[in-house]
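Descriptive structure summary
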Amino acid sequence: MTTETITRTTCPYCGVGCGVLAKRDASGVVTISGDPDHPANFGKLCSKGLTLGETLGHEQRLLRPMIAGAEASWDEATSLVAQKFSDAVAEHGADSVAFYVSGQMLTEDYYVANKLMKGFIGSANIDTNSRLCMASAVAGHKRAFGADVVPCNYTDLEQADLVVLVGSNLAWCHPILFQRLQAAREQRGTKLVVIDPRKTASAIDADLFLQIAPGSDVALFNGLLRDLYQRGEIDSQFVFASTQGLSDALLAVGDVNVSEATGLTKQELKKFYDLFATHPKTVTAFSMGVNQAVDGTDKVNAIINCHLLTGRIGKQGAGPFSITGQPNAMGGREVGGLANMLAAHMALENPSHRLAVQEFWQSPNIAQKSGLKAVDLFEAVHAGKIKALWIIATNPVVSLPSSSLVEEALRTCPFVVVSDVTGNTETVGFADVLLPAMGWGEKDGTVTNSERRISRQRQFVKPVGNARADWRILCDVAKAMGFAGFNFDTPAEIFAEHVALTQVLDREKRPLNLSHYNDAEYETLLPAQWGSERPFADGRFATESGKANFVATTFNKQQSADNYFTLNTGRIRDQWHTMTRTGLVPKLFNHRAEPYLEISPQDAKQVGLQDAELVRVTGENGQSVVRVLVTPSISNNQVFQAMHWSGAFASHAKVNLSTISIVDPVSGQPALKSAGVKLARFEAAWYGFGISVGKLKPATDYWALRPLHVGSAFECADLKIPDDWSVFISQFVDDENLSSMVSTDKTQFRCVSFKNNLLEFAFFASSNPVEVNRHWLQQLLGAEVNPVQVLAGKPAIGQADIGPIVCACNSVGRNQILNFAKSFAGATLQTVCENTGAGMGCGSCRPEVQKLINDSVGFSVAAE
Ligand code: SF4
């Protein structure tokens, strides 16, 4: 390319599905910005989206197919995969093979994978990491509406008078949606209720925060159903004409004491129930806190029941709204990329649907029954029942519960294929065949966001090495297995077939209808929702009777064992999944640099933990070691650990070493937020922090790494003090061209090293967690600085100390925000942001800036 190009594409991270403009200049440099015309984000991007340009390098990319660790041609790799899968099917039957795919895949990739497995191999053993994210919402929608339809739009969050967030830290996990909500609140005074066991960033300025006991959502919403019914807050006409099953749902509520079950006071409950009863325009938005539970599907239906009773569905500003985690979880659902679905929202258990799809595909086989869902699938691999497994665009060794069992399963599976963009996943290490896939910016296709909006991901850079599109790799293997029906040359052809399949059989009964898509428009496709803009507005649902189902949900108290803490898991603001992409961006480590465990002050005291020490978190199948973050935002007996860190970034940080493989019996979604864990102090003899122009991995009992714009930084700790610090330090700085300066006493050791007068390396060890100004030190790497000052570990008196970074976009520190807030009486969020620069980039940090302003009353920075 010799001239500047601007490509409209879509962010590959979360389910908000923001539009992105990728500007590529004549020299090939790509600049990323939000697409002002995309109806999901209107030009805004969060910290992850804004830094996408920094993830386009070739570092860690898979470039060529590999067989048993040796480079191979595509023909060799394709033939081997086809042969192994064909042999397994011939010898052990179709159910002896499986695909484990991903919500990162484009709809076209998903369509082909599903077609190959269900229509040609003849098994439904294809499941996806979306099972971990929203399978309970899918099951809840199908039980209530007869089809997997999300009935809301993003504009409903702006048009509602009351928004209830349940198990959703929207401020961190879907930042652009949260900003849209906050803007609407400023304009029209929308009330916000946040229901969560943790006081997250989303709850900071909520009108009501309900710190609910984990796993008690069904009790809360059953109680709401009963309360609404007793008040007479019923849309009788809608309930009579458009629903069925209310009596059974009311009966199932029983006489549960909601206050006891949820841990909320009667006043808190009354306030919530009053708010819900008096605001007809209510949206209840929910995410993983609802879905990732042993009763996740019941939670979804308990929420939907309240909306059905009040007729708050199919209307502007009202409805139950499942916010999906992944960029294309919805697209995968549309093409049937789950083990219990058929393509085009047809039902695997329906013989006429199976026949219709088989005839459409002209396929030799069609799966006759549901396949193995994610957790069951890997248990079957572990049990030796799966002889050939193909993992595409996902990292199950890190993301699935009980990760040590997943590792064992992959180690013993006779044949494992992994297609991925990067070689930096722990799953890649178990592959017999590695297939390099095109990454974001290289591949081409469609994705569907949380509001059913289909957008294009488009190519704007050439694929690296010999990487290929996932759909092409799958088609080549299908053809090598001898199957017809995979002669696609472009993603447009696949999309056209997907559109056509939505037209067959029972057309009027299935809301998924893509008939308005025109083949010729694929290249220029504008983001558009499928179905009507307002599903169920006519009071007709996709069930046999046309009526929505109230689902009887009964609250069952989940017992937690004595002396165990309930482990809640989830995302943080600036990282995505297992960090294979966001882990390339130094800026995204500024907010949370290291894996950590949130614990309440009382529990920390009881376990004997101090803030910033390290803790061992021990679950049924393994143990992680992470930093302690003592915070009052979490209740007693619960702890929270982020899901992102893998062995590539820290020594023992995988949260799923501690989780368990218990699933919701209806949806098959793992209960990733309710494992019982034991905690014990990691008895560090010393703690360390270092920065280096080179990349280092300390040989210590604990370590965590992060990239810097120059070099890298690391935290470490060890159970014994080195006999000789200079020997220990030689693992980092064994270079005769370095000049070093050391400072040591009984409790600490410090060393700085220079090359040609430029700072090359600095290391600080202490018997207590190291207290130096990390952000300041990191900026000195490669610069000519005073060694004595570097040894001090903080700016000299009179020099600015901005404190820990709050705003990753503009590198604004906590002290800057506090100083401004303190010095200007009546400082508002807007004035603080405008004057410090915090919150003026992507805006994702604004809730934390608000919290600092709230906390700054009577706070003295100098005294800190
Ligand atoms: Fe990407 Fe952030 Fe938008 Fe999600 S909210 S799609 S991560 S830019």
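Everything discussed here concerns the structure shown above.
Attention here is on the structure that accompanies the text. None of the values given here were measured: they were computed from a predicted structure.

The ligand sits among Cys11, Tyr13, Cys14, Val16, Gly17, Cys18, Leu45, Cys46, Lys48, Gly49, Pro175 and Ile176. Those elements that place two or more of their residues in the shell around the ligand are helix H1 (47–50) and helix H7 (175–188). Class assignment of the residues belonging to the shell around the ligand gives a composition of nine nonpolar, two polar and one charged.

In this section: the sheet that holds strand S9 (residues 191–195). As a general point, the strands of a sheet are linked pairwise by backbone hydrogen bonds and lie either parallel or antiparallel. The strand order across the open sheet built from five strands is S10-S9-S8-S12-S13, with neighbouring strands paired in parallel fashion. One side of each edge strand has no neighbouring strand; the edge strands of this open sheet are strand S10 (208–210) and strand S13 (319–322). For this sheet, the mean angle separating the axes of adjacent strands, direction not counted, is 15°. Pairing between S9 and S10: three bridges, direction parallel. Along S10, the bridge assignment pairs Val193 with Leu208.

Before going further, it helps to examine the packing of aromatic side chains. Two aromatic rings are characterised by how far apart their centres lie and by the angle between their planes. If you walk through the whole model with that rule in mind, you get 37 aromatic pairs. Feature note: the residues Trp686, Phe714, Trp725, Phe728, Phe732, Phe749, Phe761 and Phe763 constitute an aromatic cluster, connected by ring pairs. The ring of Phe486 has Lys115 lying over it, and the distance from NZ or CZ to the ring centre is 5.2 Å. Seen from the ring of Tyr564, Lys678 lies directly overhead, with NZ or CZ sitting 4.9 Å from the centre.

Ordered in space as S5-S4-S16-S15-S14-S6-S7, the seven strands form an open sheet in which the pairing is mixed. Whereas interior strands pair on both sides, the edge strands pair on one side only; in this sheet they are strand S5 (70–71) and strand S7 (126–128). Bridging between strand S6 (residues 97–101) and S7 involves three bridges; their strand directions are parallel. By the bridge assignment for S7, Tyr100 is matched with Asp127. Strand contacts of helix H20 (residues 470–480): S6, strand S14 (388–392), strand S15 (416–420) and strand S16 (433–436), with the helix running at about 160° to S14, the strand carrying the most contacts.

Criteria and cut-off values
Counting restarts for each chain: residues are numbered from 1 in the order of the written sequence. Where totals are concerned, whole chains, interfaces and linings use all residues; where local detail is concerned, this predicted model gives features only for residues with pLDDT of at least 70, and gives and counts side-chain atom pairs only at 80 or more. Hydrogens and waters are ignored; side-chain quantities use all the structure's heavy atoms. A single heavy atom is enough: if one lies within 4 Å of a molecule or strand, its residue is considered near that molecule or strand. Labels follow the DSSP assignment, with helices taken as runs of H or I lasting at least four residues and strands as runs of E lasting at least two, numbered in each case from the N terminus. Throughout this entry, Asp, Glu, Lys and Arg are counted as charged residues, while Ala, Val, Leu, Ile, Met, Phe, Trp, Tyr, Cys and Pro are counted as nonpolar. The remaining residues, Gly among them, count as polar. Strands pair, by our definition, only if DSSP identifies at least two bridges between them. The convention used is that axes are lines fitted to C-alpha atoms, helices contributing only their stretch in contact, and that angles between N-to-C directions extend from 0 to 180 degrees. Here is the rule: rings of Phe, Tyr and Trp (six-membered ring for Trp) pair when centre to centre is within 6.5 Å. Planes less than 30 degrees apart are stacked, more than 60 are edge-to-face, and the remainder are tilted. Only Lys NZ and Arg CZ are tested; either one counts as a charge over a ring when it is within 6 Å of the ring centre and within 35 degrees of the ring normal. Here a residue-residue contact requires only that any non-hydrogen atoms of the pair lie within 4.5 Å.

From the geometry alone we can't say anything about function, so treat these as descriptive.
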